Amino acid sequence: MDVLTLLGEGFAGALTPANLLWVLIGCLLGTAVGVLPGLGSSMAVALLLPITFSLDPTAAFIMFAGVYFGGLFGDSTMGILMNTPGQASAIASTFEGHKMALNGRAAQALATAAIGAFIGGMVASIVVVFVAPALADFSSRFGPAEFFALAVFAFAATSSVVADSAIKGLTSLFIGLGIAVIGIDGVSGAPRFTLDSPNLFDGISLVTVTVAILALGEVIYVACLERHMKDTALIKPTGRPWLSRRELKEAAPAWLRGTAIGLPFGVVPAGGSEIPTFLAYGLEKRLDKRRKNPMFGKGAIRGLAAPEAAGNSTTGMAMGALLALGLPISATAAIMLAAFRQYGLQPGPLLFDRAPDLVWALLASFFIAMVVLLILNLPFAMLWAKLLLIPRPYLYAGITVFCGLGIYATSGSTFDLVMLLAIGLLGFLMRALDFPLAPLIIGMVLGPLAETSLRDAAMSTNGDFSVLVHGPITITLYALLAAVLVFSIRSKVVARKRAKSADKELVDA
């Protein structure tokens, strides 16, 4: 059937009053949580995961998509108004966005961010509609060796890119893999790392781990550092919340360049939107140096437009990679993959055949979410900022209550509440010691797939592990992995050299 016909059927499913309501709720929740410092779309999805199992799968995933996209704009809002980005993906937007706010152009900065997010997300959604079915057809050629290579690609790329220290990234990954293997082995039936406790025979729930690591761990971290946190002045945006013709002309090329940079990163497990946003900002900065009157450092609108478009285009493409390949490129995408499995669904080529109504309604909801977010964020950005007036003790106490209620409602087991606290303390330690959390989540989500694929590949060849590097797809994946690792190592070496030279200049001065 034609893609446009399927998309039309998806719009028919997504535009029902109930699903429109879930899109709106998702966008509201995502933006609201993203605005609050230290939180983000990954925490919002993790908190919602236990309480959405009573919903229809289509409604649940439509809401998750709204949360996913809405969280990005909330992060940028705080970066612009307070110079405190909610997530790492919004850091690049603060460089010029906050300077625009300090210069009395906060409203224009928020408008630039909203339009950039709309353009990047809309273009990515269009690309996903046409590319995702092709990716799904391509992934139908995958066997155990290919799926194992894909999992290794996700493990190594994510662990090496998202952390300053590859050792910390790999440590986080192995913690996730270690949690994933707890329970009864599905092949031999032998208990693994259960400490002879019947409560661990079924393993540790992924929902418990995600809520504990991303939500409860963050709450404990904030509570411990509350005395040392300084309040930052909130800049109130005044004036017109739209852009003049000259500003639109200035920002338009940057929006397009940022979108183009972000799209390919949506299918590469490189930690999410952080890398493309910095690349987009760096490109605009280099182009600005060629101008007669350089604006960077003074509140250049292009320095905000490009990262915003890049971040949302990466997020949009990431949803396509998740649906077609079952490949999560960030912690939020990994949680959504876990949500699919909780509903008995496995993203990949079979998802388009087994649940076409859900897939195409979800793809259609991307377009709806972009429009809803533009309507919500252009005139009401300052309203979101007022959420910062909520006292932190009340806010984080409420999050803690939702963590406990959500887990208990899912399992009805007090043992899971004990595991929630224990893993929450682990999340706090990792956060305090600057260990990345995304590799842990991705390791736990993709660990069973890697193990099963490795076993199936070895059994199909009577123990000949050379099958893992046979075939063009596996060789291509390992070659891409090598390229990603070389790029990551090179960028870190260059950054260290620049830091050393800067320190040397300060000492000489």
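Conventions used here
- Residues numbered from 1 in each chain as written.
- Predicted model: local features only at pLDDT ≥ 70, side-chain atom pairs only at ≥ 80, totals over all residues.
- Heavy atoms only, no water.
- Helix = DSSP H or I, 4+ residues; strand = E, 2+ residues; numbered from the N terminus.
- Buried < 20%, exposed > 50% of the residue type's maximum accessible area, 1.4 Å probe, protein only.
- Contact = heavy atoms within 4.5 Å.
- Areas by Shrake-Rupley, 256 points an atom, 1.4 Å probe, with all protein chains shown as cover.
- Expected span 1.5 Å × (residues − 1).
- Polar contact = N/O pair within 3.5 Å; in protein donor to acceptor, adjacent residues only side chain to side chain.
- Core = buried A, V, L, I, M, F, W, Y, C linked by side-chain atoms within 4.5 Å.
- 1 Å grid on protein atoms, 1.4 Å probe; cavity = no way out; pocket = protein on both sides within 12 Å on 5 of 7 lines; lining within 4 Å.
- Points joined across faces, edges and corners; volume = space filled by probe spheres on them.
- Nonpolar A, V, L, I, M, F, W, Y, C, P; charged D, E, K, R; others polar.
- Salt bridge = Lys/Arg side-chain N within 4 Å of Asp/Glu carboxyl O.
- Patch = residues over 30% accessible without salt bridge, like charges linked within 9 Å, V, L, I, M, F, W, Y side chains within 5 Å.
- Lys, Arg positive; Asp, Glu negative; His and termini not counted.
- Charge placed at Lys NZ, Arg CZ, Asp CG, Glu CD.
- Phe/Tyr/Trp six-rings, centres within 6.5 Å; stacked < 30°, edge-to-face > 60°.

**Remarks on the overall build of the protein**
- Within the protein one finds 19 helices and two strands.
- Counting across all 509 residues of the protein, residues that qualify as buried make up 54%.
- Contacts in the protein between residues at least 24 apart in sequence constitute 79% of all its contacts with a sequence separation of at least 6.
- Summing over all exposed atoms, the protein offers an accessible surface of approximately 22,200 Å²; the carbon and sulfur share of this is 66%.

**Here we look at helix H4 (residues 57-82)**
- Compared with an ideal rise of 1.5 Å per residue, which puts 26 residues at 38 Å, H4 spans 37 Å between its outermost C-alpha atoms and is within 8% of the ideal.
- The opening residue of H4, the one whose side-chain oxygen lies 3.0 Å from the backbone nitrogen of Thr58, is Asp56.

**Some points on the nonpolar core**
- Judged by nonpolar contacts, the single largest core of 121 residues is most densely connected at Phe61, Phe64, Phe340 and Ile399.
- Looking at this core, the element that brings in the most residues is helix H15 (residues 356-385), giving 14 residues.
- Discounting residues that sit within four places of it in the chain, Phe61 has contacts with Met336, Ala339, Phe340, Tyr343, Leu358 and Leu362.
- Leu81, Ala101, Trp255 and Ala305 belong to the second-largest nonpolar core, a separate cluster that totals 27 residues.

**Details of the side chain of Thr208**
- Tracing the backbone through its elements, the reader meets Thr208 in helix H9 (residues 206-225).
- On the basis of relative accessibility, which here comes to 2%, the residue Thr208 falls in the buried class.
- Residues within four places of Thr208 in sequence aside, it is in contact with Ile407, Asp416, Met419 and Leu420.

**Remarks on the layout of surface pockets**
- Within this model, the second largest pocket holds a volume of roughly 520 Å³.
- At the level of secondary structure, the elements contributing two or more residues to the lining of the second largest pocket comprise strand E1 (183-184), helix H13 (331-342) and helix H18 (438-460).
- Counting residues per element, the lining of the second largest pocket draws most heavily on H18, which supplies eight residues.
- Looking at the lining of the second largest pocket residue by residue, the classes come out as 13 nonpolar, six polar and seven charged.

**Notes on the pattern of salt bridges**
- In the structure shown here, the tally under the stated rule is five salt bridges.
- If you follow the salt bridges from partner to partner, you end up with Glu250, Arg257, Glu284 and Arg302 in one network.

**As for the side chain of Thr194**
- Looking at the secondary structure, you find Thr194 in the loop between strand E2 (191-192) and H9.
- Ignoring anything within four residues of it in the chain, the contact list for Thr194 reads Gly183, Leu200 and Phe201.

**Let's talk about helix H2 (residues 17-35)**
- With 19 residues, H2 should reach 27 Å at 1.5 Å per residue; the first-to-last C-alpha distance of 27 Å fits that figure.
- Buried residues of H2: Asn19, Val23, Gly26, Cys27, Gly30, Thr31, Ala32, Val33, Gly34 and Val35, and no others.

**Some details on a positive patch on the surface**
- A contiguous patch of positive charge on the surface is contributed by Lys99, Lys285, Arg286, Lys289 and Arg290.
- Here Lys99 shows up in helix H5 (residues 91-102).
- Since its relative accessible area comes to 33%, Lys99 is described here as partly exposed.

**Observations concerning the packing of aromatic side chains**
- A complete count under the given rule lists six aromatic pairs for this structure.
- Each ring, one from Phe11 and one from Phe367, has its centre 5.9 Å from the other, and the planes form 40°; the classification is tilted. Here the residue Phe11 occupies a position in helix H1 (residues 3-14), and Phe367 occupies one in helix H15, the gap between them amounting to 356 residues.
- With a centroid separation of 4.0 Å and 15° between ring planes, the pair formed by Phe61 and Phe340 is classed as stacked. You can see Phe61 sitting in helix H4 and its partner Phe340 sitting in helix H13, a full 279 residues away along the chain.
- Phe61 gets classed as buried once you look at its relative accessible area, which sits at 0%.
- Looking at Phe340, the relative accessible area reads 0%, which means it is buried.
- Among the aromatic residues, those joined into a ring-pair cluster are Phe61, Phe64 and Phe340.

**Section: the environment of Gly316**
- In this fold, Gly316 is placed in helix H12 (residues 302-325).
- Judged by its relative accessible area of 0%, Gly316 falls in the buried class.
- Setting aside chain neighbours within four positions, we find Gly316 in contact with Phe69, Ala124 and Val128.

**Considerations on a nonpolar patch on the surface**
- A surface patch of nonpolar side chains, about 300 Å² in accessible area, is lined by Leu4, Ile126 and Phe130.
- Mapped onto the elements of the fold, Phe130 is located in helix H6 (residues 106-139).
- Residue class for Phe130 comes out partly exposed when judged on its relative accessible area of 46%.

By themselves, these are just geometric observations and shouldn't be taken as functional.
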